[in-house]
Amino acid sequence: MEAVFAITLGIMTASGVYLLLRARIFPVVMGLTLISYAVNLFIFSMGRLATGVPAVIGKSAEYGDPLPQALVLTAIVIGFAMTAFVVVLSLRSIGEVRTDHVDGQEPRK
């Protein structure tokens, strides 16, 4: 299970970095979102991946750590707000510069 999870995180991070290097606004936003999802999953996995384990200390000997769960919930809200901000900022940039290239200039061919 851990190997599949690690491979999934690696693929998400690599895809996010690839999209960040595309130099167009929409792929950059998608790349940042993918990397934030990968980081959220990584933080969530620090709370021990287990099924059927209570989230808080109770009658069971094993439990999931609630701190990474709280951090991930906070990171999801912050990530959503930042994604919305970047989308609005990119739409304004497209309106003013008339191109979706991240540096504002089309590459010469």
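Predicted model only: the values in this text are computed from it and were never measured.

Colleague: Where do I start with the UniProt feature "transmembrane region" (unreviewed entry) in the protein in this structure?
Modeller: Here, UniProt's "transmembrane region" (unreviewed entry) annotation points to residues 6-21, 28-50 and 70-91. In residues 6-21, the share of helix is 94% and the share of strand is 0%. The end C-alpha atoms are 23 Å apart. Secondary structure over residues 70-91 splits into 100% helix and 0% strand, and the C-alpha atoms at its two ends are 32 Å apart.

Colleague: Help me understand helix α1 (residues 2-20) in this model?
Modeller: Because each turn of an α-helix spans 3.6 residues, side chains separated by three or four positions in sequence point in the same direction. Taking 1.5 Å per residue, 19 residues should reach 27 Å; α1 reaches 27 Å between its end C-alpha atoms and fits that length. Among all positions in α1, only Phe5, Leu9, Met12 and Gly16 are buried. Looking straight down α1, one finds that the buried residues subtend no more than 65° of arc, so they occupy a single side. Of the exposed residues in α1, the ones pointing more than 90 degrees away from its buried face are Ala3, Val4, Ile7, Ile11 and Tyr18.

Colleague: I would appreciate a short explanation of helix α2 (residues 25-45) in the present structure.
Modeller: Between its first and last C-alpha atoms α2 spans 30 Å; for 21 residues at 1.5 Å apiece the expected length is 30 Å, and the two agree. Listed as buried for α2 are Ile25, Pro27, Val28, Val29, Gly31, Thr33, Ala38, Asn40 and Ser45. On its buried face, α2 is in contact with α1 and α3 (66-97).

Colleague: Whenever I open this one, the confidence of the model for the protein confuses me. Can you help?
Modeller: Detailed reading of the predicted coordinates is not advisable wherever pLDDT is low. On average, residues of the protein carry a pLDDT of 86, and 85% of them reach 70 or more. Looking over the protein, one finds the lowest element-wise mean pLDDT in α3, namely 90, and the highest in α1, namely 94.

Colleague: Help me out: how do you make sense of the packing of α2 against α3 in this one?
Modeller: Any two packed helices are characterised by the angle at which their axes cross and by the distance between the axes. Orientation of α2 relative to α3, taken along the N-to-C sense of each, is 175°, at an axis distance of 10 Å. If you check the angle between α2 and α3, you find them roughly antiparallel. In this structure, α2 uses Ile25, Val29, Thr33, Asn40, Ile43 and Phe44 to contact α3, whose residues at the interface are Pro68, Gln69, Leu71, Val72, Ala75, Ile76, Thr83, Val86, Val87, Ser90, Ser93 and Ile94. When the residues that make up the contact of α2 with α3 are grouped by side-chain class, the tally is 12 nonpolar, six polar and no charged.

Colleague: Please clarify how the pattern of salt bridges should be interpreted in this entry.
Modeller: For the structure on display, the rule yields two salt bridges. Among the ionic pairs, arginine 92 bridges to glutamate 96, the shortest N-O distance being 2.9 Å. In this pair, arginine 92 and glutamate 96 both sit in helix α3, four residues apart, roughly one turn of the helix. For the pair arginine 92 and glutamate 96, one class covers both residues: exposed.

Colleague: I would appreciate a short explanation of the layout of surface pockets in the present structure.
Modeller: To locate leftover empty space, one rolls a probe as large as a water molecule over the atoms. Computed from the structure, the largest pocket encloses a volume of approximately 150 Å³. Lining the largest pocket, in full, are Thr33, Ser36, Tyr37, Asn40, Ala75, Ile76, Gly79, Phe80, Thr83 and Ala84. When contributions to the lining of the largest pocket are tallied by element, the ones reaching two or more residues are α2 and α3. For the lining of the largest pocket, the leading source of residues is α3, giving six residues. Taken together, the residues of the lining of the largest pocket break down into five nonpolar, five polar and no charged.

Calculation notes
Residues numbered from 1 in each chain as written. Predicted model: local features only at pLDDT ≥ 70, side-chain atom pairs only at ≥ 80, totals over all residues. Heavy atoms only, no water. UniProt positions renumbered as here; feature names shortened; annotations may be inferred. Helix = DSSP H or I, 4+ residues; strand = E, 2+ residues; numbered from the N terminus. Expected span 1.5 Å × (residues − 1). Buried < 20%, exposed > 50% of the residue type's maximum accessible area, 1.4 Å probe, protein only. Arc of directions from axis to C-beta. Contact = heavy atoms within 4.5 Å. pLDDT = per-residue confidence, 0-100. Axes fitted to C-alpha atoms, helices over the stretch in contact; angles between N-to-C directions. Parallel < 35°, antiparallel > 145°, perpendicular 65-115°, else oblique. Nonpolar A, V, L, I, M, F, W, Y, C, P; charged D, E, K, R; others polar. Salt bridge = Lys/Arg side-chain N within 4 Å of Asp/Glu carboxyl O. 1 Å grid on protein atoms, 1.4 Å probe; cavity = no way out; pocket = protein on both sides within 12 Å on 5 of 7 lines; lining within 4 Å. Points joined across faces, edges and corners; volume = space filled by probe spheres on them.

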